[in-house]
Amino acid sequence: MTSMRRIKITILGTATSLGVPVIGCNCDVCLSDDSKDKRLRSSVLIETNDLKLVIDCGPDFRSQMLQAGVKDVDAILFTHEHRDHTAGLDDIRAFNYLLRKDIPIYGRPSVIAEIKRQFAYIFKEDKYEGAPGVTVNYIKNEPLEIKNTQIIPIEVLHHKLPVFGFRVGDFAYITDASYISDEELTKLKGVKVLVLNALRNTSHFSHFSINEALHVIEEIKPEQAYLTHVSHLIGKHNEVNGTLPSDVALAYDGLSFVLE
């Protein structure tokens, strides 16, 4: 694995597909005044020595870039094709204008095919002036490099849909998972920080519950784990954190840390 002296992680969003608060919901979580109970759709920014990489650009992408003060993106890496992970792609136009470059996007062939269907106007040969500019890169379940940063895909299942998590150095990010094979788990051994999805307290057909996520964390044994892609059904941030092991916490929007 390529050595990296420093990796900065910024959690851009931690919600499931509906976001938190949920439109029209009057539950305690959705009515909470705690900023950590306000969750945009799941995404993360990874910065290494030479790379600014965003994993997934959902419908809150514009707000996330503004809140994090991001002025340059080298690439966008997609975990899968669901709209809460892709719907913000049009907003890369701001980077196209500012940086005068197309933005490389990376995904498995089935994901890129769905993105081309969702955003057909981006990929037309005679596309209108001002449409987003991208360069397409296909990935599969083997290590890849973007600039000089090595990225290791971790294939998981979101019910029956294959989804990629990713490991960069001692950091790993997995969202929308309900199953990880033993073979893929071995790729996560030795990570210092793991971000893993945990939708709610009770079981779900396509996402880990908190208990299921804790079981995976115990298998991997990172120094620190954060739970993401959570729904309003999970409870208030601070109350849930009080029930978790000392080395596990709910992630929150804007959480940032550095691995040396």
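Just so we're clear, the structure is a prediction, and the values are computed from it rather than from any experiment. (Residues numbered from 1 in each chain as written. Predicted model: local features only at pLDDT ≥ 70, side-chain atom pairs only at ≥ 80, totals over all residues. Heavy atoms only, no water.)

1. Considering the overall build of the protein
Here is step 1: A count of helices and strands for the protein gives seven helices and 14 strands.
Here is step 2: For the protein, whose C-alpha radius of gyration is 18 Å, the value lies close to the compact-globule estimate of 18 Å for 260 residues.
Here is step 3: Here the protein holds 260 residues, and 55% of them are scored as buried.
Here is step 4: Put simply, 64% of the contacts in the protein that link residues at least 6 apart link residues at least 24 apart.
Here is step 5: A total of about 11,800 Å² of accessible surface is found on the protein, and carbon and sulfur atoms cover 48% of it.
Here is step 6: Averaging the coordinates of the 29 positive side-chain charges in the protein and doing the same for the 35 negative ones gives two points 4 Å apart. (Helix = DSSP H or I, 4+ residues; strand = E, 2+ residues; numbered from the N terminus. Rg over C-alpha atoms; globule rule 2.2 N^0.38 Å. Buried < 20%, exposed > 50% of the residue type's maximum accessible area, 1.4 Å probe, protein only. Contact = heavy atoms within 4.5 Å. Areas by Shrake-Rupley, 256 points an atom, 1.4 Å probe, with all protein chains shown as cover. Lys, Arg positive; Asp, Glu negative; His and termini not counted. Charge placed at Lys NZ, Arg CZ, Asp CG, Glu CD.)

2. With respect to helix α1 (residues 61–68)
Here is step 1: Among all positions in α1, only Phe61, Gln64 and Met65 are buried. The buried side chains of α1 occupy one side of the element, clustering within an arc of 100° when seen end-on. For α1, exposure combined with an orientation more than 90 degrees from the buried face picks out Arg62, Leu66 and Gln67.
Here is step 2: Tucked inside the fold, the buried residues of α1 contact β1 (7–13), β2 (43–47), β3 (52–55), β4 (75–77) and α3 (93–99).
Here is step 3: One or two positions beyond α1, positive phi appears at Gly69, with a value near 65°. (Arc of directions from axis to C-beta.)

3. As for the sheet that holds strand β9 (residues 161–168)
Here is step 1: Pairing in this open sheet of seven strands is mixed, and the strands run β7-β8-β9-β10-β11-β12-β13 from one edge to the other. Where the open sheet ends on each side, the last strands, each with one partner, are β7 (144–146) and β13 (248–250). The sheet shows a mean angle of 25° between the axes of neighbouring strands, direction not considered.
Here is step 2: The sheet strands contacting helix α6 (residues 210–220) are β11 (193–197), β12 (224–228) and β13, and the helix crosses β11 at an angle near 155°. (Pairing = 2+ DSSP bridges. Axes fitted to C-alpha atoms, helices over the stretch in contact; angles between N-to-C directions.)

4. Some details on the side chain of Arg41
Here is step 1: With respect to the helices, strands and loops of the structure, Arg41 is situated in the loop between β1 and β2.
Here is step 2: Residue classification places Arg41 among the buried positions, given a relative accessible area of 18%.
Here is step 3: When sequence neighbours within four positions are dropped, the list of residues in contact with Arg41 reads Gly13, Thr14, Ala15, Thr16, Ser17, Leu18, Gly19, Pro59, Asp60, Gln64 and Asp84.

5. Concerning the pattern of salt bridges
Here is step 1: Considering all chains together, one arrives at 12 salt bridges under this definition.
Here is step 2: A salt bridge links Lys101 to Asp72; the nearest nitrogen and oxygen atoms lie 3.3 Å apart. Taken together, the positions of Lys101 in the loop between α3 and β5 (103–107) and Asp72 in the loop between α1 and β4 put the pair 29 residues apart, joining distant regions of the chain.
Here is step 3: Taking relative accessible area as the criterion, Lys101 reaches 28% and is therefore assigned partly exposed.
Here is step 4: Salt-bridge contacts for Lys192 lead to Asp170; the nearest nitrogen and oxygen are separated by 3.8 Å. (Salt bridge = Lys/Arg side-chain N within 4 Å of Asp/Glu carboxyl O.)

6. Here's the deal with the side chain of His85
Here is step 1: Note on placement: His85 falls in helix α2 (residues 83–86).
Here is step 2: According to the relative accessible area criterion, His85 is buried, its value standing at 0%.
Here is step 3: Here Asp56 takes part through its side chain, which lies 2.7 Å from a polar atom of the side chain of His85.
Here is step 4: Only 3.2 Å separates the side chain of His85 from the side chain of Asp84, close enough to count as a polar contact. (Polar contact = N/O pair within 3.5 Å; in protein donor to acceptor, adjacent residues only side chain to side chain.)

7. Some points on the packing of aromatic side chains
Here is step 1: This model, assessed by the stated rule, comprises six aromatic pairs.
Here is step 2: Measuring from centroid to centroid gives 6.4 Å for Phe61 and Phe95, while their planes differ by 65°, and the two rings are edge-to-face. Residue Phe61 is located in helix α1, and its partner Phe95 is located in helix α3; the two are separated by 34 residues in the primary sequence. You'll find Phe61 and Phe95 in the same group, each marked buried.
Here is step 3: Grouped by ring-pair contacts, the aromatic residues Phe119, Tyr121 and Tyr128 constitute a single cluster.
Here is step 4: Here the guanidinium or amino end of Lys36 rests over the ring plane of Tyr252, the centre of that ring lying 4.4 Å away.
Here is step 5: For the cation-ring pair, Arg108 lies above Phe164, with the distance from its terminal atom to the ring centre recorded as 3.9 Å. (Phe/Tyr/Trp six-rings, centres within 6.5 Å; stacked < 30°, edge-to-face > 60°. Lys NZ or Arg CZ within 6 Å of the ring centre and 35° of its normal.)

Spatial relationships are all this shows, so hold off on functional conclusions.
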